[in-house]
Amino acid sequence: MRKLYRNLLCTFCLFILASAAVPAIADENPLGGLDAYIKKGMSDWELPGLAVAVVKGDEIILMKGYGTREIGKELPVNENTIFAIGSTSKAFTSLSVGLLVQDEKISWDDPVIDHMKDFQLYDPWVTREIRVRDLLANRSGLGDATDLLWYGTDFTRDQIVKRLRYAEPVASFRYTYAYRNVMFLVAGQLVSAVTGTSWDNFLEERVFKPLKMTRSSTTTQSLKGMDNVASPHLRIGNKITAVPYRNMDNICPAGGIVSCIRDMAQWLRLHINEGVFEGQRIIDRSVIQETHTQQTPVPMNPAFLAKFPDAHRFDYCLSWVTLDHLGRLMVWHNGSIDGMHAVIGFIPSEKIGAVILSNSEVQDFHEALFLYIIDTLVGVPPRDWSTNYLKTRKTMEEKKAEVKEQLQKLRKKDTHPSLPLDVYTGTYSSKLNGPVRVTLENDRLAIYCSTALVADLEHWHYDTFQGTWRDRSADARMGKPLFTFTLDGKAEVNAVSMDDFVIFERIEVTPEK
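This text gives an overview of the structure that appears in the document. (Residues numbered from 1 in each chain as written. Predicted model: local features only at pLDDT ≥ 70, side-chain atom pairs only at ≥ 80, totals over all residues. Heavy atoms only, no water.)

## Describing the overall build of the protein chain
Turning to step 1, where the next piece is worked out: Counting its regular elements, the protein chain contains 14 helices and 23 strands.
Turning to step 2, where the next piece is worked out: Its C-alpha atoms give the protein chain a radius of gyration of 23 Å, within 12% of the compact-globule value 24 Å for 513 residues.
Turning to step 3, where the next piece is worked out: Each principal axis of the C-alpha distribution contributes one length, and for the protein chain these read about 75 × 50 × 45 Å.
Turning to step 4, where the next piece is worked out: Relative to its full complement of 513 residues, the protein chain shows a buried share of 57%.
Turning to step 5, where the next piece is worked out: Summed over its atoms, the accessible surface of the protein chain is roughly 21,000 Å², and 49% of this surface lies on carbon and sulfur atoms.
Turning to step 6, where the next piece is worked out: Computing the positive centroid from 59 side-chain charges and the negative centroid from 64, the protein chain places the two 1 Å apart. (Helix = DSSP H or I, 4+ residues; strand = E, 2+ residues; numbered from the N terminus. Rg over C-alpha atoms; globule rule 2.2 N^0.38 Å. Buried < 20%, exposed > 50% of the residue type's maximum accessible area, 1.4 Å probe, protein only. Areas by Shrake-Rupley, 256 points an atom, 1.4 Å probe, with all protein chains shown as cover. Lys, Arg positive; Asp, Glu negative; His and termini not counted. Charge placed at Lys NZ, Arg CZ, Asp CG, Glu CD.)

Written out as structure tokens, the structure reads:
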């Protein structure tokens, strides 16, 4: 069966109603035509709201909000509107580690187990060999089943790290690029182990406060009672719909920070100016440059080439990506999580960069806008990146529809489960992913993977059932996985697999009354 769950979950690793403008910080503004481009792009992409900041040298030459915080409401976005920044959070973790290098408490090439004695991976040799920089360079050899450890689960950070000892590698250590969120979580936990305080507190004291990032936080719990918070949006059915924030506390060092464009502009200034902010050195130049230095080659896959058609090379650094654009080295990263998209990047040689936060995940306009701004600042007539990306998105959606159609063709109609439904109920477990519980509710099976992830099961064929997640965000992002029950030689149910990807073995039988 097609691994729909895995393919759609990895997507860890993007209408205008009102416009709120903040005066440009510097007098000179080379982006005079930007408003019209943004308004058209937001309309084309049905994007409720976004915020953008542009930095040149040490000046913010543009900072502005567009659209609405929640679709259908008059809630203008401005420079202080809070968004989730997704995987652009990773660079905050690499900088936190870099500060410990600066403090001479660790080195980039220390074995991880020197600082986390209980840390263990599946392969004992890798456990001994993996270094601090490896945690931030996406080359662990782990598979994408590790993403099922954190998304929507009840596991804590410590529990996720402990379970990594059961994650069988899918490639040799350091052999190939593989984007794995859990390694950045380990890096965050390493900061905690070395300092004796949480990664969250360390980041607040050593990064947020010095950069005056007063509206940034490492938990969505901080949003309760706050004003001026953008709502995430997903396409549910055929409609752009506001959805709740996902609690990302268990994976925050990889993708859970919330911030505003004013704060993120300060973060961008720090990187463009190689560790100096408002005349004060926050981090050593050598340390911040190391986070921008290539570590792992990234394959020239169709997804990257569609986004950057002129690039000749991609490399993952320490929580950043480098590539060539207009003959110049560009440092870049994007991020997405339930209903939010972010992109940040800069060209070091020109000391120019931009950061864009948006409150819809079903669009690529923020990426198009980023390149439009970079092209304009470099002095090259910008392409209509938005139109190009719309064509790419349409092609992608057509391919997804073809996959669904092919899956339907593989379905064997007029078949039935081998056993009465109540026989499938019970508790199943995976060493890596923990327990799941199958119940019978109103004559239909349901599977409880966590408090948030509960799927109603509809018979597909034979002993396979298609799941529909009750959590609307999860259903929109992850699709509808196929759960297949297997029987042993005694015709007893002994396991259930999710998309032939993760296998849960039966550990307890609890027949429904």
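## Some remarks on the packing of aromatic side chains
Turning to step 1, where the next piece is worked out: Overall, the coordinates contain 20 aromatic pairs when judged by the stated rule.
Turning to step 2, where the next piece is worked out: Relative to Phe 465, the ring of Tyr 424 has its centre 5.9 Å away and its plane inclined at 70°; by these criteria the two rings are edge-to-face. Within this pair, whereas Tyr 424 is found in the loop between helix 13 (385-410) and strand 16 (426-430), its partner Phe 465 is found in strand 20 (residues 464-469), the two being separated by 41 residues in sequence. Here the two residues Tyr 424 and Phe 465 agree in accessibility, since each one is buried.
Turning to step 3, where the next piece is worked out: For Tyr 424, a relative accessible area of 0% translates into the label buried. (Phe/Tyr/Trp six-rings, centres within 6.5 Å; stacked < 30°, edge-to-face > 60°.)

## Quick word on the pairing of strand 13 (residues 328-337)
Turning to step 1, where the next piece is worked out: For strand 13, a buried count of eight out of ten residues is recorded, marking the element as mostly surrounded by other parts of the structure.
Turning to step 2, where the next piece is worked out: Two strands pair when backbone bridges link them, and strand 12 (residues 321-325) and strand 13 are joined in this way by five bridges, in the antiparallel orientation. Considered in strand 13, the bridge of Leu 323 is made with Met 330.
Turning to step 3, where the next piece is worked out: Counting the residues that bridge the hairpin from strand 12 to strand 13 gives two residues, and of these Leu 326 lies at a positive phi of roughly 55°. (Pairing = 2+ DSSP bridges.)

## Describing the pattern of salt bridges
Turning to step 1, where the next piece is worked out: Applying the stated criterion across every chain, the model contains 33 salt bridges.
Turning to step 2, where the next piece is worked out: Between Arg 206 and Asp 103 there is a salt bridge, with the nearest N and O atoms lying 2.9 Å from each other. Here Arg 206, found in helix 7 (residues 199-208), pairs with Asp 103, found in the loop between helix 3 (90-102) and helix 4 (124-129); they are 103 residues apart in sequence, far enough to count as distant.
Turning to step 3, where the next piece is worked out: Its relative accessible area of 27% is what places Arg 206 among the partly exposed residues.
Turning to step 4, where the next piece is worked out: A salt bridge links Asp 475 to Lys 480; the shortest N-O distance between them is 3.1 Å.
Turning to step 5, where the next piece is worked out: Taking relative accessible area as the criterion, Lys 480 reaches 30% and is therefore assigned partly exposed.
Turning to step 6, where the next piece is worked out: Taken together, the salt bridges that share partners define one network made up of Glu 129, Arg 131, Asp 134, Arg 139 and Arg 174. (Salt bridge = Lys/Arg side-chain N within 4 Å of Asp/Glu carboxyl O.)

## Section: the pairing of strand 18 (residues 444-448)
Turning to step 1, where the next piece is worked out: Here five bridges tie strand 17 (residues 434-441) to strand 18, and the two strands are oriented antiparallel to one another. Paired with Glu 441 across the bridge in strand 18 is Arg 444.
Turning to step 2, where the next piece is worked out: In textbook terms, the turn of a hairpin is the stretch between consecutive antiparallel strands, and for strand 17 and strand 18 this stretch comprises two residues, one of which, Asn 442, has a positive phi near 55°.
Turning to step 3, where the next piece is worked out: Inspection of the sheet shows strand 18 paired to strand 19 (residues 454-461) by three bridges, in the antiparallel sense. From the neighbouring strand, Ile 447 faces strand 19, where its bridge partner is Ala 455.
Turning to step 4, where the next piece is worked out: If you look at the hairpin formed by strand 18 and strand 19, you'll find five residues sitting between the two strands.

## A closer look at the side chain of Thr 218
Turning to step 1, where the next piece is worked out: Mapped onto the fold, Thr 218 is located in the loop between helix 7 and strand 5 (233-236).
Turning to step 2, where the next piece is worked out: The exposure class assigned to Thr 218 is buried, which follows from its relative accessible area of 8%.
Turning to step 3, where the next piece is worked out: Among all residues touching Thr 218, those that are not within four sequence positions of it are Arg 157, Trp 199, Asp 200, Leu 203, Phe 208, Asp 249, Cys 252, Gly 256 and Ile 257. (Contact = heavy atoms within 4.5 Å.)

## Here we look at the packing of helix 3 against helix 9 (residues 261-272)
Turning to step 1, where the next piece is worked out: At a minimum axis distance of 13 Å, the contact between helix 3 and helix 9 shows a crossing angle of 50°. Put simply, helix 3 runs oblique to helix 9. As helix 3 runs across helix 9, the sense of the crossing is left-handed. Across the interface between the two elements, Ala 91, Phe 92 and Leu 95 of helix 3 pack against Met 264, Trp 267 and Leu 270 of helix 9.
Turning to step 2, where the next piece is worked out: Residues of the contact of helix 3 with helix 9, tallied by class, amount to six nonpolar, no polar and no charged. (Axes fitted to C-alpha atoms, helices over the stretch in contact; angles between N-to-C directions. Parallel < 35°, antiparallel > 145°, perpendicular 65-115°, else oblique. Left-handed = near helix turned anticlockwise from the far one by under 90°. Nonpolar A, V, L, I, M, F, W, Y, C, P; charged D, E, K, R; others polar.)

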